[in-house]
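A closer look at the structure
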Amino acid sequence: MKLIFMGTPDFAVPCLESLLSAGHEVQAVFTQPDKPVGRKQVLTPPEVKVCAVKHGLTVYQPKTLRNGEAMEIIRGLSPDAIIVAAYGKILPKEILDFPRYGCINVHGSLLPKYRGAAPIQWSVINGDKETGVTIMQMDEGIDTGDILMKRAIPIELSDTAESVFEKLAALGGKTLIEALGMLERGELTPEKQDESLSCYAPMLDKSISLIDWSKSGMTVHNLIRGLYSWPVAYTMLGGKKLKILSASPCDRSGEAGTIISVDPLTVACREGSVIIHELQLEGKKRMDAKTFLVGHKLCVGERIGE
């Protein structure tokens, strides 16, 4: 197929790599503009641009798709389909309707569950047992188009949003190639989404990062792993933010928000507790709990989160 690819972060890279490996003609890549990153605000290209340049592909980075310029490029290339994976821009109707096979999206959830910007993180935060990728035909809604193919994987108790992200990125590339082959052969039957099963996965922000120790231990554990590696769950200790980077649930009980053990470092929740493995105090480096306790003498019965 002659294809245009639209994507931005590292989640989209395996999809682009898979298209190239499978022999599809990627005519051009659209990605977000370079952005300043870090304290020094170094102008940094998106991961998809880095991949595209490595393969000698033509890259476009329009600030908008609505002024007609992108449509002129697309019209000139006349692709069979446009493949979209975490691009980060809404495609106008004239672009959606132009290619022979339309615009095909690789989405990191089992639609119609978790439409929106952060499906992977919310599946972990909510304690789901499985997730997956959906290959869908795009329409004007947010992840509301017809489903072409779905593939599921389990979410392990040890998984974080980051590890699930990596698994789904690889699965997305593999599933996309399978779906495109079947689409060319006329073997796919689009399936309407069941609106009664839909839910939205809004973009994450730091407002949800504060740990509520009055929740169950499993709920707290799911929040910690679902917010790793951004924006990261935290509690308060001595008036400073204490980021919790890694933890595991435990059956031990106690008064919510109190330390019930320092070997290993364990904090009680409303039901059960959480063993903290890795943490980072505001202004300090990340470290394992044992190393942290060498310089910070915490005691059983001491409260945190205040």
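Before going into details, it helps to say that this report is about the structure given with it.

Criteria and cut-off values
- Note on numbering: residues in each chain are counted from 1, in written sequence order.
- For this predicted model, a pLDDT threshold of at least 70 governs which residues receive local features, and a threshold of 80 or more governs which side-chain atom pairs are given and counted, while totals over whole chains, interfaces and linings are taken from all residues.
- Side-chain descriptors were evaluated using all non-hydrogen atoms of the structure, hydrogens and water having been removed beforehand.
- Axes, fitted as lines to C-alpha atoms, cover a helix only where it is in contact. Angles between the N-to-C directions of the axes lie from 0 to 180 degrees.
- Runs of H or I in DSSP of at least four residues are treated as helices and runs of E of at least two as strands, each being numbered from the N terminus.
- Reported orientations rely on four angle classes, namely roughly parallel under 35 degrees, roughly antiparallel over 145, roughly perpendicular from 65 to 115, and oblique for the rest.
- A clockwise turn of the near helix away from the far one marks a right-handed crossing, whereas an anticlockwise turn of less than a right angle marks a left-handed crossing.
- Contact definition: two residues touch when any of their heavy atoms are within 4.5 Å.
- In this count, Pro and Cys sit with the nonpolar residues alongside Ala, Val, Leu, Ile, Met, Phe, Trp and Tyr, while Asp, Glu, Lys and Arg are called charged and the others, Gly among them, polar.
- A pair of aromatic rings is counted whenever rings of Phe, Tyr or Trp (Trp by its six-membered ring) have centres within 6.5 Å, and the orientation is called stacked for planes under 30 degrees apart, edge-to-face for over 60 and tilted otherwise.
- Throughout this description, buried means an accessible area under 20% of the type-specific maximum (1.4 Å probe, protein chains only), exposed means over 50%, and partly exposed covers the range between.
- N or O atoms closer than or at 3.5 Å make up a polar contact, with two conditions inside protein: a donor-capable atom paired with an acceptor-capable one, and, for residues adjacent in sequence, both atoms drawn from side chains.
- Any two strands with at least two DSSP bridges between them are considered paired.

We now examine the packing of helix H1 (residues 13-21) against helix H2 (residues 47-54). It is at 9 Å that the axes of H1 and H2 come closest, and there the two elements cross at 20°. Judged on the interaxial angle alone, H2 and H1 are roughly parallel. In the crossing of H1 with H2, the sense of the turn from one axis to the other is right-handed. Together, Val13, Leu16 and Glu17 of H1 and Glu47, Val48, Cys51, Ala52 and Lys54 of H2 make up the contact between the two elements. Tallied by class, the residues present in the contact of H1 with H2 amount to five nonpolar, no polar and three charged.

Moving on, we come to the packing of aromatic side chains. For the structure shown, the criterion picks out two aromatic pairs. Between Phe11 and Phe165 the ring centres are 5.4 Å apart and the planes differ by 65°, which places this aromatic pair in the edge-to-face class. Remark: Phe165 occurs in helix H6 (residues 161-184) and Phe11 occurs in the loop between strand S1 (2-7) and H1; sequence separation between them is 154 residues. With relative accessibility at 6%, the residue Phe11 sits in the buried group. Ring geometry for Phe30 and Tyr60: centres 5.2 Å apart, planes at 35°, overall tilted. You can see Phe30 sitting in strand S2 (residues 25-30) and its partner Tyr60 sitting in strand S5 (residues 59-60), a full 30 residues away along the chain. Residue classification places Phe30 among the buried positions, given a relative accessible area of 0%.

What follows is about the side chain of Ser261. Tracing the backbone through its elements, the reader meets Ser261 in strand S12 (residues 259-262). A relative accessible area of 8% means that Ser261 is categorised as buried. Engagement of the side chain of Ser261 in a polar contact is seen with the backbone oxygen of Pro264, the distance being 2.9 Å. Beyond its immediate sequence surroundings of up to four residues, Ser261 is in contact with Arg252, Thr266 and Val300.

On to the packing of H1 against H6, then. Any two packed helices are characterised by the angle at which their axes cross and by the distance between the axes. In contact at an axis separation of 7 Å, H1 and H6 are set at 40° when each is read in the N-to-C sense. By the angle between their directions, the pair H1 and H6 is classed as oblique. The handedness of the crossing between H1 and H6 comes out as right-handed. Of H6, the residues touching H1 (which contributes Pro14, Cys15, Ser18 and Leu19) are Ala169, Ala170, Gly172, Gly173, Lys174, Leu176, Ile177 and Leu180. Split by residue class, the contact of H1 with H6 holds eight nonpolar, three polar and one charged.

In this section: the sheet that holds S5. In a beta sheet, neighbouring strands are held together by backbone hydrogen bonds and run either parallel or antiparallel to one another. A sheet is described by the order of its strands in space; here seven strands give the open sequence S5-S2-S1-S6-S7-S8-S9, paired in mixed fashion. Edge positions in the open sheet fall to S5 and strand S9 (147-154), since each of these has one partner strand only. Across five bridges, the pairing between S1 and strand S6 (residues 81-85) is parallel. Paired with Gly7 across the bridge in S6 is Ala85.

Looking along a regular strand, one sees side chains alternate from face to face of the sheet. Across four bridges, strand S10 (residues 234-237) lies against strand S11 (residues 240-250) in antiparallel orientation. Bridging from a neighbouring strand, Leu237 pairs with Lys240 of S11. Linking S10 to S11, which pair antiparallel, is a turn of two residues; within it Gly238 sits at a positive phi near 60°. Pairing analysis gives eight bridges linking S11 to strand S14 (residues 273-281), with the strands arranged antiparallel. Note on S14: the bridge partner recorded for Ile244 is Leu279.

By secondary structure assignment, the location of Asp146 is in the loop between strand S8 (130-137) and S9. Sequence separation between Asp146 and Pro112 is 34 residues; the distance between their C-alpha atoms is 9.7 Å. Other than its neighbours up to four places away in sequence, Asp146 contacts Met136, Gln137, Pro190, Glu191 and Lys192. For Asp146, the side chain forms a polar contact with the side chain of Lys192, separated by 3.4 Å.

So, on to unusual backbone geometry. In the segment running from Leu111 into Pro112, the intervening peptide bond is cis, with an omega of 15°. Among the structural elements, Pro112 can be located in the loop between strand S7 (103-107) and helix H5 (119-125). Residue Tyr228 is joined to Ser229 through a cis peptide bond whose omega torsion reads 15°. Mapped onto the secondary structure, Ser229 falls in the loop between helix H7 (217-226) and S10. In this structure, Ser78 is a non-glycine residue whose phi angle is positive, near 50°.

Shape is all these values report; function is a separate question.
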